[in-house]
Amino acid sequence: MLQIQLKEFPVLATNRLILRQICEIDFMEFYWLRNSDVVMQYIQLPKFKEEEEAKQKIRDLINICNKNEGFHWAITLRTDPTLIGWILLKDIDLTNHRAEIGYLLHPDFWRKGIVQEAILAVIDFSFTTLQLHSLEAHVHPENIASFKLLEKVGFVKEAHFKENFYFEGNFLDTAVYSLLKSRFNSNILR
């Protein structure tokens, strides 16, 4: 069985980005993003009713990271430490060496290659440092931009589940994309 025993949170750097641990100083940006109708259009998570909920959620995410049960990175520019989005690894399956990747970005930074850059850093970390065998992403079936992004970095559509997810009174579909370590082209990082 796979074991994850990192002593410090893994900060990842790319040409334009620093992916650092999300922390309480990020709560205003975190709160805004999670409550934005535009940002959350294809993400089924409840909105925060008050700022304290965002602070508590961040504390919960830090606790998950501290136990090496998941990783929640704040996406920041190298030139500005303000959170502009986040990317995560969750539901780490140690038996099957698999985890789910997810991401979210402020609309001011859409279509600039930022999420692609962050995803590639997290993929490299997942396969190199964590020694995972595969990654999966659960995507709303109408989120075409996310499909294209995942396919661009090597993910393939693995499944389309009909009405498998209940959210706010509705049953919703889920598309599942996956990437095997053996199929990842590490040259894309260069």
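Description of the structure in this document. (Residues numbered from 1 in each chain as written. Predicted model: local features only at pLDDT ≥ 70, side-chain atom pairs only at ≥ 80, totals over all residues. Heavy atoms only, no water.)

What follows concerns the packing of aromatic side chains. Tallied over the full model, the rule gives 11 aromatic pairs. Aromatic side chains Phe9 and Phe71 sit 6.3 Å apart centroid to centroid with 55° between the ring planes, which places their arrangement in the tilted category. With Phe9 in the segment before β1 (12–13) and Phe71 in strand β3 (residues 71–77), this pair connects stretches of sequence that are 62 residues apart. Given the relative accessible area of 18%, Phe9 is considered buried. Note on Phe71 and Phe125: the rings are 5.5 Å apart at their centroids and 80° apart in plane angle, and the pair reads as edge-to-face. Of the two residues, Phe71 is situated in strand β3 and Phe125 in helix α3 (residues 114–129); the sequence distance between them amounts to 54 residues. (Phe/Tyr/Trp six-rings, centres within 6.5 Å; stacked < 30°, edge-to-face > 60°. Helix = DSSP H or I, 4+ residues; strand = E, 2+ residues; numbered from the N terminus. Buried < 20%, exposed > 50% of the residue type's maximum accessible area, 1.4 Å probe, protein only.)

So, on to the nonpolar core. Counting residues in each nonpolar core, the largest one holds 42 residues, and the members touching the most others are Leu19, Trp73, Ile87, Leu89 and Phe155. Counting residues per element, the ones that place at least two in this core are β2 (17–21), β3, β4 (80–93), β5 (98–105), α3, β6 (134–139), α4 (144–152) and β8 (170–180). With 10 residues, the top contributor of residues to this core is α3. Each residue touching Leu19, except ones within four places of it in the same chain, is listed here: Pro10, Val11, Leu12, Trp73, Ala74, Ile75, Ile87, Ala118, Ala121 and Val122. Counting 16 residues, the second largest nonpolar core, distinct from the first, contains Phe30, Leu33, Phe48 and Ala74. (Core = buried A, V, L, I, M, F, W, Y, C linked by side-chain atoms within 4.5 Å. Contact = heavy atoms within 4.5 Å.)

Where burial is concerned, most of β6 is hidden: five out of the six residues are buried. Handedness of the β5-α3-β6 crossover: right-handed. Across six bridges, β6 lies against β8 in antiparallel orientation. Each residue of the ladder has a partner; that of Glu136, found in β8, is Ser178. (Right-handed = clockwise from strand over helix to strand, strands pointing away. Pairing = 2+ DSSP bridges.)

Of note in this structure, Gln131 is not a glycine but carries a positive phi near 60°. Counting through the fold element by element, Gln131 comes out in the loop between α3 and β6. Although it is not a glycine, Glu168 sits at a positive phi angle of roughly 45°. Mapped onto the secondary structure, Glu168 falls in the loop between β7 (156–167) and β8.

It is worth spelling out the pattern of salt bridges at this point. Following the criterion strictly, the structure yields nine salt bridges and no others. Here Arg16 ties to Glu117 by a salt bridge, and the two come within 2.7 Å at their closest N and O atoms. Within this pair, whereas Arg16 is found in the loop between β1 and β2, its partner Glu117 is found in helix α3, the two being separated by 101 residues in sequence. Judged by its relative accessible area of 15%, Glu117 is buried. For Glu136, the salt bridge goes to Arg98, with nearest N and O atoms at 2.5 Å. (Salt bridge = Lys/Arg side-chain N within 4 Å of Asp/Glu carboxyl O.)

In short, shape yes, function no, at least from these values alone.
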